[in-house]
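The residues making up each chain are set out below.
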Amino acid sequence: MEPLEIKPYITLAKIQSLSADINNDGMPDLVMTHERGNTVSLMLGNGDGTFKPEKFYNVEYSPVSLTVSDFNNDGKLDLAVTSQYADKLFVFLNTCPS
């Protein structure tokens with residue numbers, strides 16, 4: 001295994017992240033808010049500490065907070081995101097086949 005090189009990343013944007021097994025494959029995945037880009041990203045875990053490329057999902061008005069739970073009781077983790085400048089809650093229902 002190659003040594004990990006850590007480079008500093010400086011931003012003024014608020015970023016929140018969490019790790020959860022979104023696609024129910026037993027490997028941790030990573031979800032992040034991107035306030036300035038008005039997006040939320042998902043990186044599915046490979047199981048070896050690395051992740052697949054980010055997939056971005058649009059969210060209006062500067063997403064700043066997120067959580068996961070099974071909101072529709074289908075046995076899959078869903079994602080809820082709040083925004084800084086709107087009184088809205090964005091819910092992304094999990095459509096992964098597993």
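Residues numbered from 1 in each chain as written. Predicted model: local features only at pLDDT ≥ 70, side-chain atom pairs only at ≥ 80, totals over all residues. Heavy atoms only, no water.

**Some words on the pattern of salt bridges**
Right, on to step 1. The tally for this structure, following the rule as stated, stands at one salt bridge.
Right, on to step 2. The salt bridge partner of Lys88 is Glu60, with a shortest N-O separation of 3.2 Å. Taken together, the residues Lys88 in the loop between β6 (78–83) and β7 (89–92) and Glu60 in the loop between β4 (55–58) and β5 (63–69) connect sequence positions 28 residues apart.
Right, on to step 3. Look at Lys88 and you get partly exposed, because its relative accessible area is 38%.
Right, on to step 4. The class of Glu60 is partly exposed, set by a relative accessible area of 36%. (Salt bridge = Lys/Arg side-chain N within 4 Å of Asp/Glu carboxyl O. Helix = DSSP H or I, 4+ residues; strand = E, 2+ residues; numbered from the N terminus. Buried < 20%, exposed > 50% of the residue type's maximum accessible area, 1.4 Å probe, protein only.)

**Some remarks on the sheet that holds β4**
Right, on to step 1. With respect to topology, four strands assemble into an open sheet ordered β1-β2-β3-β4, the strand pairing being antiparallel. With one partner strand each, in any of the chains shown, β1 (17–20) and β4 form the two edges of the open sheet. Between one strand axis and the next, the sheet turns by 20° as a mean value, whatever way the strands run. (Pairing = 2+ DSSP bridges. Axes fitted to C-alpha atoms, helices over the stretch in contact; angles between N-to-C directions.)

**Considering the confidence of the model for the chain**
Right, on to step 1. Chain-level statistics for the chain give a pLDDT mean of 85 and a share of 85% at 70 or above.
Right, on to step 2. Ranking the elements of the chain by mean pLDDT puts β7 last with 90 and β1 first with 93. (pLDDT = per-residue confidence, 0-100.)

**Looking at the side chain of Ser41**
Right, on to step 1. Take Ser41: it is sitting in strand β3 (residues 39–43).
Right, on to step 2. Here the side chain of Ser41 touches His34 through a polar contact of 2.8 Å, side chain to side chain.
Right, on to step 3. If we ignore the near neighbours within four places in the chain, the residues touching Ser41 are Leu30, Val31, Met32, His34, Glu54, Lys55 and Phe56. (Polar contact = N/O pair within 3.5 Å; in protein donor to acceptor, adjacent residues only side chain to side chain. Contact = heavy atoms within 4.5 Å.)

**A short note on the nonpolar core**
Right, on to step 1. Within the largest apolar cluster, 12 residues are counted, these being Leu18, Ala20, Ile22, Val31, Val40, Leu42, Leu44, Val59, Leu66, Leu79, Val81 and Phe90.
Right, on to step 2. Listed by contribution, the elements that provide at least two residues to this core are β1, β3 and β6.
Right, on to step 3. In this view, Val31 contacts Gln16, Ser17, Leu18, Ile22, Val40, Ser41, Leu42, Leu66 and Leu79; residues no more than four positions away in its chain are not counted. (Core = buried A, V, L, I, M, F, W, Y, C linked by side-chain atoms within 4.5 Å.)

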